[in-house]
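Structure assessment
Chain by chain, the residues run as shown.
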Amino acid sequence: MTWLEYLKSIDTPTLSNAIELLKVRPRRDGYAPVQLRTLFPELGRMCGYAVTAQVETVTQMEPFDIEGFVHLYRAIEQSPKPAVVACQEIGGFPDYAAHCGEVMASLMTSVGAIGLISDCAVRDIPEVRALKFHYFARGTVASHASFRVARVGVPVQILGMAIAPGDLLHGDENGLLSIPAGLEDKLPSLVDAVRSRERALIGFIRCDRCTAESLGDYMKEMRVAD
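The structure displayed is predicted, hence computed values, not measured ones.

The helix and strand inventory of the chain stands at seven helices and twelve strands. In terms of principal-axis extent, the alpha carbons of the chain reach across some 70 × 35 × 30 Å. Here the chain, with 226 residues, has 42% of them falling under the buried criterion. Intrachain contacts of the chain at a sequence separation of at least 6 include 76% that bridge at least 24 residues. A total of about 12,100 Å² of accessible surface is found on the chain, and carbon and sulfur atoms cover 53% of it.

Moving on to the pattern of salt bridges. A full pass over the atoms with the stated rule returns six salt bridges. Across the pair R129 and E42 runs a salt bridge whose closest N-O atoms are separated by 2.8 Å. One end of the pair, R129, is in helix α5 (residues 125–131); the other, E42, is in the loop between β1 (37–38) and β2 (46–56), and 87 residues separate them in sequence. Exposure remark for R129: the relative accessible area of 33% places this residue in the partly exposed category.

What follows concerns empty space enclosed by the protein. A complete count under the given rule lists one cavity of 30 Å³ or more for this structure. Volume-wise, the largest cavity comes out at about 110 Å³. Considering the residues around the largest cavity, the lining is formed by S16, I19, E20, K23, V24, R25, P26, R27, D29, G30, Y31 and L177. When residues of the lining of the largest cavity are assigned to their parent elements, the largest contribution, three residues, is made by helix α2 (residues 12–22). Residues that form the lining of the largest cavity fall into these classes: five nonpolar, two polar and five charged.

A few words on helix α4 (residues 102–110). Those residues of α4 that sit buried are M104, A105 and M108. Taken end-on, α4 shows its buried residues confined to a sector of 100°, consistent with a single buried face. More than 90 degrees from the buried face of α4, the exposed residues found are V103 and S110. For α4, the elements touching its buried residues are α3 (67–78), β3 (83–89), β4 (113–118) and α5.

Glancing now at the packing of α2 against helix α6 (residues 187–205). Helices that pack against each other are described as a pair by the angle of their axes relative to one another and the distance between those axes. Where α2 meets α6, the closest approach of the two axes is 9 Å, and the angle between their N-to-C directions is 115°. As the angle between them shows, α2 and α6 are arranged roughly perpendicular. Handedness of the crossing formed by α2 with α6: right-handed. Taking contact as the criterion, the partners of T14, L15, N17, A18, I19, L21 and L22 in α2 are, on α6, L187, L190, V191, V194, R195 and E198. Taken together, the residues of the contact of α2 with α6 sort by class into nine nonpolar, two polar and two charged.

About the criteria used
- Residues numbered from 1 in each chain as written.
- Predicted model: local features only at pLDDT ≥ 70, side-chain atom pairs only at ≥ 80, totals over all residues.
- Heavy atoms only, no water.
- Helix = DSSP H or I, 4+ residues; strand = E, 2+ residues; numbered from the N terminus.
- Buried < 20%, exposed > 50% of the residue type's maximum accessible area, 1.4 Å probe, protein only.
- Contact = heavy atoms within 4.5 Å.
- Areas by Shrake-Rupley, 256 points an atom, 1.4 Å probe, with all protein chains shown as cover.
- Salt bridge = Lys/Arg side-chain N within 4 Å of Asp/Glu carboxyl O.
- 1 Å grid on protein atoms, 1.4 Å probe; cavity = no way out; pocket = protein on both sides within 12 Å on 5 of 7 lines; lining within 4 Å.
- Points joined across faces, edges and corners; volume = space filled by probe spheres on them.
- Nonpolar A, V, L, I, M, F, W, Y, C, P; charged D, E, K, R; others polar.
- Arc of directions from axis to C-beta.
- Axes fitted to C-alpha atoms, helices over the stretch in contact; angles between N-to-C directions.
- Parallel < 35°, antiparallel > 145°, perpendicular 65-115°, else oblique.
- Left-handed = near helix turned anticlockwise from the far one by under 90°.

This is how it looks when you write it as structure tokens:
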């Protein structure tokens, strides 16, 4: 099993709990807020390497500039695979911004992307669902307005979540998480420890002898064991 295959077998809350044990970042960092959600939970978990872009959607630009899009597709092509595109809106009207539709999703798929993360909206929901292309966004809008790609391969902020080019991203119906580099030898044992501890705790909570007082004693014992 490859590293990415292993990560796809784990849900985001369990991975988050395991990463917390390593104390490699503050607990408030490394995950997206409630506004960002998967639009296709039926596709299962998404795991891939970030290709980043800053985009601007509403300002009327003439003539249309294709070079930014070519730069983005080239970056996806050159990225480790699978790639996940992360788009940050830098314009002043984020509630009107659509960062992807069927055409862009098809193009991104053809050069190695499996999904897109947007701090704004997306569109063409039935068509993109049929492509099995992941959407993580705030919602949907009908128009693409005057979409342009301003910068590619720069650090971005997606609703406060910092994403750098090449970051390993993991998303599911619980949310989106970044996986720090270099954890291949450490994370699996911690995932096992998190699962074992939670199974034991849930088993105690569901047993007949669980009361508020006994639960407090049990939790104290667990902390001492740490």
